[in-house]
Amino acid sequence: MTTSESPESPETSETGTPASTDGGPVSDRPARRRRGRVLAALAVMVLGCAPFVWQLIATSEHRYGTEDVPERAVAVVLGAGVRPDGLPSHLLAQRLELAVELYEAERVRAVLVTGDNGVEHYNETDTMRDYLIDAGIPADRIVGDHAGFDTWDSCARAAEIFGVEEAVVLSQEFHVPRAINLCRAAGIDAVGVGDDSMSERGTATVYGWVREVPAALAALGTVVLRPDPKVLGDYETGVDEALAQAAEEAATS
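Residues numbered from 1 in each chain as written. Predicted model: local features only at pLDDT ≥ 70, side-chain atom pairs only at ≥ 80, totals over all residues. Heavy atoms only, no water.

Engineer: Looking at this structure, I do not really get the state of the cysteines. What am I missing?
Structural biologist: Each disulfide is one covalent bond, formed between the sulfur atoms of two cysteines. This structure, assessed with the given rule, holds one disulfide. One disulfide in the model links Cys155 with Cys183; its S-S distance is 2.2 Å. Every disulfide takes its handedness from the sign of the S-S torsion; for Cys155 and Cys183 that torsion is -75°, giving left-handed. On the criterion of sequence distance, the pair formed by Cys155 in helix 4 (residues 151–160) and Cys183 in helix 5 (residues 176–185) is long-range, its members being 28 residues apart. An identical accessibility class is assigned to Cys155 and Cys183; each is buried. (Disulfide = S-S within 2.5 Å. Helix = DSSP H or I, 4+ residues; strand = E, 2+ residues; numbered from the N terminus. Buried < 20%, exposed > 50% of the residue type's maximum accessible area, 1.4 Å probe, protein only.)

Next comes the structure, spelled out in structure tokens:
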């Protein structure tokens, strides 16, 4: 007497391995799931890095060294950390040194320092201004923007509030591509010079490059939407006056 298979028995493949309903071995399912997760992760990584790569490519022709950067009317120094003793952090000091070098080489005629002064007892802008004066740049060539809370606000306010039409943007090399991209989106004919901070601040520099990957994605949204900066206000004539003073001095020298 023969017996039929139990209804609950799974179908088997030709090799005797239990088969799935689509004909493939059940044991292949976890492998296919793993492959799917790996491919999905790779796709997310590629898509996530695409804005960063695009940013590097799009700004490559606008990035220079101090020795070959085209002349621009204004240097825009983007703020960074200030130490508890009121002195600029190392990275900020290096940005300011770039401004000093460009001013002394007559590549720029005025300097706009832009940073965060949103809380009491923390003032990036005045710290930057004092540093530049101590380094020999005349006080009447330095203009401060106390509401440069982030890169986009600094660029948008430079254009809208201070009337900057062309500029050299100064920061670290990892930050300069995004800064150029945002300043050009704000309507400024911007080029950039970056400080190579790797040799002296390696950990901070690596972190900076890594951070730029998601920051580039956010910047892409900003370029598309072009929101108003957090603080606007009335037009300020500081940059105009600094450039007029520079022109007058050049005419009489």
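Next comes the rest of the description.
Engineer: Before we go on, may I ask you to explain the packing of aromatic side chains in this structure?
Structural biologist: Aromatic rings in a pair are described by how distant their centres are and how their planes are angled relative to each other. Tallying each qualifying case throughout the model produces two aromatic pairs. Note on Phe174 and Trp209: the rings are 6.4 Å apart at their centroids and 65° apart in plane angle, and the pair reads as edge-to-face. Taken together, the positions of Phe174 in the loop between strand 5 (166–172) and helix 5 and Trp209 in helix 6 (residues 202–225) put the pair 35 residues apart, joining distant regions of the chain. Of the residues examined, Trp209 reaches a relative accessible area of 31% and is grouped as partly exposed. (Phe/Tyr/Trp six-rings, centres within 6.5 Å; stacked < 30°, edge-to-face > 60°.)

Engineer: Would you mind going over the side chain of Arg157 with me for this structure?
Structural biologist: Positionally, Arg157 belongs in helix 4. According to the relative accessible area criterion, Arg157 is buried, its value standing at 4%. There is a polar contact of 2.9 Å between the side chain of Arg157 and the backbone oxygen of Val231. With residues up to four places along the chain from it excluded, the contact list for Arg157 reads Asp145, Ala147, Phe162, Pro229, Val231, Leu232 and Glu236. (Polar contact = N/O pair within 3.5 Å; in protein donor to acceptor, adjacent residues only side chain to side chain. Contact = heavy atoms within 4.5 Å.)

Engineer: How should I be thinking about the side chain of Thr151 in this particular structure?
Structural biologist: Mapped onto the elements, Thr151 comes out in helix 4. Residue classification places Thr151 among the buried positions, given a relative accessible area of 10%. In this structure the side chain of Thr151 is engaged in a polar contact, spanning 2.9 Å, whose partner is the side chain of His175. If we skip the residues at most four places from it in the chain, Thr151 touches Leu78, His175, Arg178, Ala179 and Leu182.

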